[in-house]
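Observations on the three-dimensional arrangement
Listed below are the residues making up each chain.
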Amino acid sequence: MSTTGAAVALELEVEQTLPMPLSGSLRCGPGELVALVGPSGAGKTSMMRVLAGLMRPERGRIVVGQEVWCDTAQGIFVPPQRRHVGLVFQNYALMPHLSALGNVALSLLHLPSTERAVQARRWLDHVGLTQEQQSRRPSQLSGGQQQRVAVARALAREPRLMLLDEPFSAVDQMNRQGLYRLLADLRRELSVPIVLVTHDLNEARMLADRLVVMDAGQVLQQGTPASIHNAPRNARVADLVGIQNRYRGQWLGAMDGAPGYGRMLWMGGDETSEAPILTVRDKGKIQSGQAVHWIIPSDGITLVDSTAPRMIDASDWDAQVLEARHLGEISLITLALKAVPDARLLLTLSGPQRQGVGVGGVVRVRLDLSRVHVMPMRSR
Amino acid sequence: MDWQALVLSVELAAATLLVLLPAGLLLARWLAYTGFKGKSWVEALVVLPLVLPPTVLGYYLLVSLGGGSAIGRWMVDTLGVRLTFNFLGLLIASVVFNIPFLVQPVQRAFEAIPRNLSEAAAVSGLNAWQTFWRVELPLAWPGILSAMVLTFVHTLGEFGVVLMVGGSIPGETKTIAISIYDRVQSFDLAGANQMALVLVLFSLVAVGASFFASARLAVRR
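Residues numbered from 1 in each chain as written. Chains lettered and ligands numbered in written order. Predicted model: local features only at pLDDT ≥ 70, side-chain atom pairs only at ≥ 80, totals over all residues. Heavy atoms only, no water.

Moving on: the sheet that holds strand 12 (residues 246-254) of chain A. Residues and elements named next belong to chain A. In spatial order, the strands read 14-13-12-15-21; together these five strands make up an open sheet with antiparallel pairing. This sheet does not close on itself; its edge strands, each paired only once, are strand 14 (277-281) and strand 21 (373-376). Strand-to-strand twist in this sheet, taken as the mean axis angle between neighbours without regard to direction, amounts to 45 degrees. Bridge analysis of strand 13 (residues 261-266) against strand 14 gives five bridges, and the strand direction is antiparallel. Residue pairing in the sheet places G262 in a bridge with V280 of strand 14. (Pairing = 2+ DSSP bridges. Helix = DSSP H or I, 4+ residues; strand = E, 2+ residues; numbered from the N terminus. Axes fitted to C-alpha atoms, helices over the stretch in contact; angles between N-to-C directions.)

Next up on the list: the packing of aromatic side chains. Applying the stated rule across the entire model yields 14 aromatic pairs over all chains. Ring geometry for W266(A) and W294(A): centres 4.9 Å apart, planes at 80 degrees, overall edge-to-face. In this pair, W266(A) is assigned in strand 13 and W294(A) in strand 15 (residues 291-295), connecting sequence segments 28 residues apart. Taken together, the ring pairs in this structure connect Y33(B), F110(B), W129(B), F132(B) and W133(B) into an aromatic cluster. Positioned above the aromatic ring of F77(A), the side-chain terminus of R83(A) is 5.0 Å from the ring centre. The aromatic ring of W123(A) is capped on one face by R122(A), whose charged end is 4.9 Å from the ring centroid. (Phe/Tyr/Trp six-rings, centres within 6.5 Å; stacked < 30°, edge-to-face > 60°. Lys NZ or Arg CZ within 6 Å of the ring centre and 35° of its normal.)

Turning our attention to the pattern of salt bridges. Scanning the entire structure with this criterion turns up 19 salt bridges over all chains. A salt bridge links E111(B) to R108(B); the nearest nitrogen and oxygen atoms lie 2.9 Å apart. Separated by three residues within a single helix, E111(B) and R108(B) lie in helix 5 (residues 87-111), roughly one turn from each other. Looking at E111(B), the relative accessible area reads 36%, which means it is partly exposed. One network of salt bridges, in which partners are shared, links R176(A), D200(A) and E203(A). (Salt bridge = Lys/Arg side-chain N within 4 Å of Asp/Glu carboxyl O. Buried < 20%, exposed > 50% of the residue type's maximum accessible area, 1.4 Å probe, protein only.)

As a further point, take the domain arrangement of chain A. In many analyses, interface size is given as the accessible surface area lost on bringing the parts together. Residue and element names in this part refer to chain A. We note that the domain assignment places domain 1 (10-239) and domain 2 (246-376) within chain A. The straight-line distance from the C-alpha centre of domain 1 to that of domain 2 is 40 Å. The partner domain 2 presents seven residues to the nine residues of domain 1 that form the contact. Here domain 1 packs against domain 2, burying approximately 600 Å² in sum over the two surfaces, 58% of which is carbon and sulfur. When the buried surface of domain 1 facing domain 2 is broken down by residue, N230, P232 and A235 rank first, second and third, together holding 57% of it. Our enumeration of links across domain 1 and domain 2 arrives at one salt bridge. Note that D239 and R246 form a salt bridge whose closest N and O atoms lie 3.0 Å from each other. (Domains from an automatic or database assignment. Contact = heavy atoms within 4.5 Å. Buried area = accessible area lost by both parts, 1.4 Å probe.)

Compared with the 36 Å implied by 1.5 Å per residue over 25 residues, the 35 Å span of helix 5 of chain B between its first and last C-alpha is a close match. Residue N98(B) marks the point of greatest curvature in helix 5 of chain B, where the axis turns by about 45 degrees; the proline P100(B) follows within four residues. (Expected span 1.5 Å × (residues − 1). Bend = angle between axes of the 7 residues up to and from the residue.)

Written as structure tokens, this is what we have:
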């Protein structure tokens, strides 16, 4: 049931303006799970439709394993019927007039009808549907069970590429855990590329090896969840992946006598106070005077004792607690810095650190400046 | 009771359905799935026989198919077939005036099928023909069934167009509706009453049965 391929199992390049703008490239290895993330209308589902062959791109190229599925330059377009894609639709798109078994058997029309039933049953057993459930129609199954039928139908296609379009959106939280496990099992069994479309960032980070961040039809950045989180390409990507601690600054240039370091003004104060200067890592790509955005991941921010010794690459600030929301095991804290009145620091606290943090109280925070990522502001 | 007229009407209804169903299915599916410039005009043309007075429709059919028309003359000269005042003429007229009764409900039935089902079928490997047989047709079936019943019953009862194009030739063009009219004209109210009652009962049972079947099909989903 698995296919062996080269190191890259899926390569996609697409470039179009009509009927909707869509551009970017995508690579996915065998057994790798790539998540397309972005707001609605970002082009995630269009990208998936291009991969499945349901939409013909203006210009583009798709290679899966050794097969060219689409190459507009050479006039190649393989229709969906001959692509062997396992596609789990957003609302499953199960045939309402067929039983679960009939739905899966639909993917197996090339087999004689007795063999078809046997195989369909096998796939439904595999995703954990009982014999009784297999003979029910979709409307008589729960959301989670319908999704399992959709997965079985996709698997029965012996796919060379698995596509999952918002597969968990119609399933409640409890059933999701079971389906996450099913997906994990799938990845182990199938060594085909898997592309997941989701608007749920936590889900994407948890399930995917790599994220592809899309906005307005464009691929903005792709990489591991950690790499995108630590170094988003621009402010838009930072917003899209949910980085909250983003600030404005002005780059002052490399630091004399300390190669690899540069200095930056932290903007966001009122006119009376002077903007503080931060010393951060410098890759030498930003010109002096350039306006910048910069971010710091929440794990680069810690509460410290006022007596804590100072450290290299760290700077300590006095801050007032503006808001403290206690959610079960964790607390979400919003801080205002005295030195930069407009800036807000958001951090998550757990364990003993939560004690003694109350609204209006003053705390001392330490920013790990080695985690600061600076992005030049560009007018696009 | 004019059994000959009743049998003729049933034959005409069956023949109409036989001719109209395949073409109507294709037209309805095409209208349901494709958008193009001027589609509203095509749809208006489909509905036209429904809103025109039957005499107007009959008149134009008579003028365009009769012996004096180019089509009518050509048919007589080359094939030796007349297109008016016989069963064939009746059938042509019947097909034309039933177009909206068949096409409209079938078009709605196709339109009601979620588009992603056809896409799911394509991704599952089904070609267009297999998708039509295994997905679209079963899902549109309740709509198609009621359209068929409607067309059949409507043909049984049609009067104006039939009279214009077919006249009232016993065994050839004298349908049950015309036979009822003739009875009334000759003050045979008892005979008219009998046939009218048969038509009412038959129509009621047919339409009722089709609604019942559609509702049962819908519940099974």
